Amino acid sequence: MISLFGYDHPNLTNKYYVLLVCCAFFLPLSFAQNLSKYQINSFLATISVVGLGIVSTLQATAFRSRYPEASKVPEDLMDNATTLPKFLAAFGGLSYMFVCHDLSFNVFTSLKNPTRKRWGLVTVVVMLMTVGTFFLIGFSGFSIKWHDISDNFVKDFPAHDPLAITLRILLIVNIVISLPYLCFMPRVSVYSMVTLFTGTPDSHRKVAIYNAVITLSVVFSGVGLAMVVPRLGDIYQLFGGFAAAAIAFVIPTLLFLRLEKGSVKSNPKKSVAMFVMVAGVLLMIGATTSVIYDMTISYT
């Protein structure tokens, strides 16, 4: 949109204006209490992500000649080593992405003829599709711009190139369609915590009140965080390094060690679980510390 309307447009370049407009537009869509209500959103978001992978691959293959820099391998390509803090910080983002697949548990009740086999098939297909699309996008950006690719790879394509515009439109569609059901999981988590202390609502009216209050709290806290933080990527990495790493690697292994019979020495399964737990704790500490260090350096 910025490329089409110009970088000097006061509203399209104002972060606060964009956040408020998006909040007003998506807020009504965020109150759905059943994940199946977002089936159209999910379908369109999936199609847009697949489209991103296909179009970016076309840019790097069939239309590679449009980018003269793609044919020249940088001399310092092999010297472009990352630093240890950035390497560890990347695990925070990976952990966050891994934990996000917990949303698939809520898909089970929305399936037609729900079985473990069908749920597992849906989960595996979606995960493979996600990994494949990310690989295509990463490969395309790297093969064109090499190590000069930016975080937002669509910025590296020409402003008025038809395929580049298609990429931007697909990215906008994916973000726009995905936002309403992305708050579903945190809302479910907050609801579970609240009802743990207050008890389950005993009427539809109370359920609606709980849903409205929790949804508004989740949405407005996210908007407020986006307004005060310069780079949301740092927040994802920070949450991923601390909370997601613990949820993905530490807490499951602790539960397994508590429930599984036998000692760590006599039970090979418990030995593996202990190794994963220790590695998870080290990863959590290293990733969180690296993100905080990187944020301190970049903001000062």
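Above this text is the structure in question.
Predicted, not measured: the structure shown is a model, and the values here were computed from it.

Helix and strand content of the protein: 11 helices and 0 strands. Starting at the N terminus, the α and β elements of the protein follow one another as α-α-α-α-α-α-α-α-α-α-α. Per-residue burial over the protein gives 31% buried out of 300 residues. Counting contacts in the protein only where the partners sit at least 6 residues apart, residues at least 24 apart contribute 71% of the total.

What follows concerns the side chain of Thr 195. Relative to the elements of secondary structure, Thr 195 occurs in helix α8 (residues 184–198). Reaching out from Thr 195, the side chain makes a polar contact with the backbone oxygen of Ser 192 at a distance of 3.2 Å. When near neighbours in sequence (up to four residues on either side) are disregarded, Thr 195 contacts Thr 200, Pro 201 and Tyr 210.

Next up on the list: the pattern of salt bridges. Across all of its chains, the model carries 1 salt bridge by this definition. Linking Lys 206 and Asp 202 is a salt bridge whose minimum nitrogen-to-oxygen distance equals 3.3 Å.

So, about the environment of Thr 133. Following the sequence through the fold, Thr 133 ends up in helix α6 (residues 116–145). It is 7.6 Å that separates the C-alpha atoms of Thr 133 and Leu 52, two residues lying 81 residues apart in sequence. Apart from residues lying up to four places away in sequence, Thr 133 is in contact with Val 49, Val 50 and Gly 53. Looking at Thr 133, its side chain comes within polar contact range of the main-chain oxygen of Met 129, at 2.8 Å.

Cut-offs and rules
- Residues numbered from 1 in each chain as written.
- Predicted model: local features only at pLDDT ≥ 70, side-chain atom pairs only at ≥ 80, totals over all residues.
- Heavy atoms only, no water.
- Helix = DSSP H or I, 4+ residues; strand = E, 2+ residues; numbered from the N terminus.
- Buried < 20%, exposed > 50% of the residue type's maximum accessible area, 1.4 Å probe, protein only.
- Contact = heavy atoms within 4.5 Å.
- Polar contact = N/O pair within 3.5 Å; in protein donor to acceptor, adjacent residues only side chain to side chain.
- Salt bridge = Lys/Arg side-chain N within 4 Å of Asp/Glu carboxyl O.

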